[in-house]
Amino acid sequence: MRVSDIEPFFATLKAANPQPNTELEYTSVFELLTAVLLSAQATDVGVNKATRRLFPVANTPQKILALGNDGLCEYIKTIGLYRSKAKHLLETCRLLVERHGGQVPRTREELEALPGVGRKTANVVLNVAFGEPTMAVDTHIFRVSNRTGLAPGQNPLQVELALLRRVPPAYLVDAHHWLILHGRYVCVARKPLCYKCAVASYCDFKPKTPPPA
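Scope of this entry: the structure provided in the associated data block. (Residues numbered from 1 in each chain as written. Predicted model: local features only at pLDDT ≥ 70, side-chain atom pairs only at ≥ 80, totals over all residues. Heavy atoms only, no water.)

Moving on, we come to the nonpolar core. Grouped together as the largest cluster of nonpolar side chains are 37 residues, with contacts concentrated most on Leu54, Ile64, Leu72, Ile76 and Leu111. Going through the elements one at a time, α2 (29-38), α3 (44-54), α4 (61-76), α5 (82-100) and α7 (119-129) are the ones with two or more residues in this core. Listed in part, the 27 residues of the second largest apolar core include Phe9, Cys187, Leu193 and Val199. (Core = buried A, V, L, I, M, F, W, Y, C linked by side-chain atoms within 4.5 Å. Buried < 20%, exposed > 50% of the residue type's maximum accessible area, 1.4 Å probe, protein only. Helix = DSSP H or I, 4+ residues; strand = E, 2+ residues; numbered from the N terminus.)

Laid out in structure tokens, this is it:
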């Protein structure tokens, strides 16, 4: 993708969705952290179904700890890898209480020190909860960045750093939401829906996928 195409690419995405946000449901920073931790290798829809039952009962580190492992597993057992996620979430809650007064920390280093919280999860929390211009590169962003030529890279970190260099500052805070949604609903993995893509004219992918017959 040519540098001159990047600004209109994001301007078009913004015009279609001026205030994008995560599709995970949450009402606090801790709920957001929990939902993102649970979302690894799972769909947002599946996580939301589980947290709609969990959060009314336990939506603080202290309440999650009070559930214990078996109690927590009952609420999240419909989510993939729920046993390891329960273990990580309980340990994260313990550290939040012991080290951070039950509050979610605001630095990358402190977030990534929590069990089950990697760079991508930290980036989501920093961006969504605290408004920092981070790039949480998931499979959708990785695919869209490479397929369009926006920010090619061989691994998520390379793509993340390329996006931070190439995305105009005015679009940085919301860029990862636009790219995720674009990858989830238009620039899909098996056969991109180029015929309904508003930014196809800026994209390097060829040949464009025609509409179904």
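Moving on, we get to α7. Burial runs high along α7: 8 of the 11 residues are buried. If you check which residues of α7 are buried, you get Thr121, Ala122, Asn123, Val124, Val125, Leu126, Asn127 and Val128. Looking at the buried positions of α7, the neighbouring elements they touch are α2, α6 (108-112), α9 (156-166) and α10 (172-185). Following α7 by one or two positions, Gly131 adopts a phi angle in the positive range, close to 70°. (Contact = heavy atoms within 4.5 Å.)

For Leu193, the location among the structural elements is in the segment after α10. With 11 residues separating them along the chain, Leu193 and His182 place their C-alpha atoms 10 Å apart. What Leu193 contacts, discounting residues up to four positions off in sequence, is Tyr185, Val186 and Val188.

Interhelical geometry of helix α8 (residues 139-148) versus α10 gives an angle of 85° and a closest axis separation of 8 Å. Taken together, the axis directions place α8 and α10 in an arrangement best described as roughly perpendicular. On α10, the residues touching His140, Ile141, Arg143 and Val144 of α8 are His176, Leu179, Ile180, His182, Gly183 and Arg184. (Axes fitted to C-alpha atoms, helices over the stretch in contact; angles between N-to-C directions. Parallel < 35°, antiparallel > 145°, perpendicular 65-115°, else oblique.)

In total, this model carries 4 aromatic pairs according to the counting rule given. By the ring-pair criterion, three or more aromatic residues cluster together here, those being Phe9, Phe10, Tyr171 and Trp178. Stacked on the ring of Phe205, the Lys or Arg Arg147 has its end atom at 5.4 Å from the ring centre. (Phe/Tyr/Trp six-rings, centres within 6.5 Å; stacked < 30°, edge-to-face > 60°. Lys NZ or Arg CZ within 6 Å of the ring centre and 35° of its normal.)

This next bit is on empty space enclosed by the protein. This structure, assessed with the given rule, holds 1 cavity of 30 Å³ or more. Volume-wise, the largest cavity comes out at about 80 Å³. Taken together, 13 residues form the lining of the largest cavity, with His182, Cys187, Cys194, Cys197 and Cys203 sitting closest to its centre. Grouping the amino acids of the lining of the largest cavity by side-chain chemistry returns 10 nonpolar, 2 polar and 1 charged. (1 Å grid on protein atoms, 1.4 Å probe; cavity = no way out; pocket = protein on both sides within 12 Å on 5 of 7 lines; lining within 4 Å. Points joined across faces, edges and corners; volume = space filled by probe spheres on them. Nonpolar A, V, L, I, M, F, W, Y, C, P; charged D, E, K, R; others polar.)

Here the focus is the pattern of salt bridges. In total, this model carries 9 salt bridges according to the counting rule given. Two residues, Arg2 and Asp5, come together in a salt bridge whose shortest N-O distance is 3.2 Å. Note that Lys77 is salt-bridged to Glu74, the shortest N-O span being 3.1 Å. Among the residues examined, Glu74 registers a relative accessible area of 45% and is labelled partly exposed. (Salt bridge = Lys/Arg side-chain N within 4 Å of Asp/Glu carboxyl O.)

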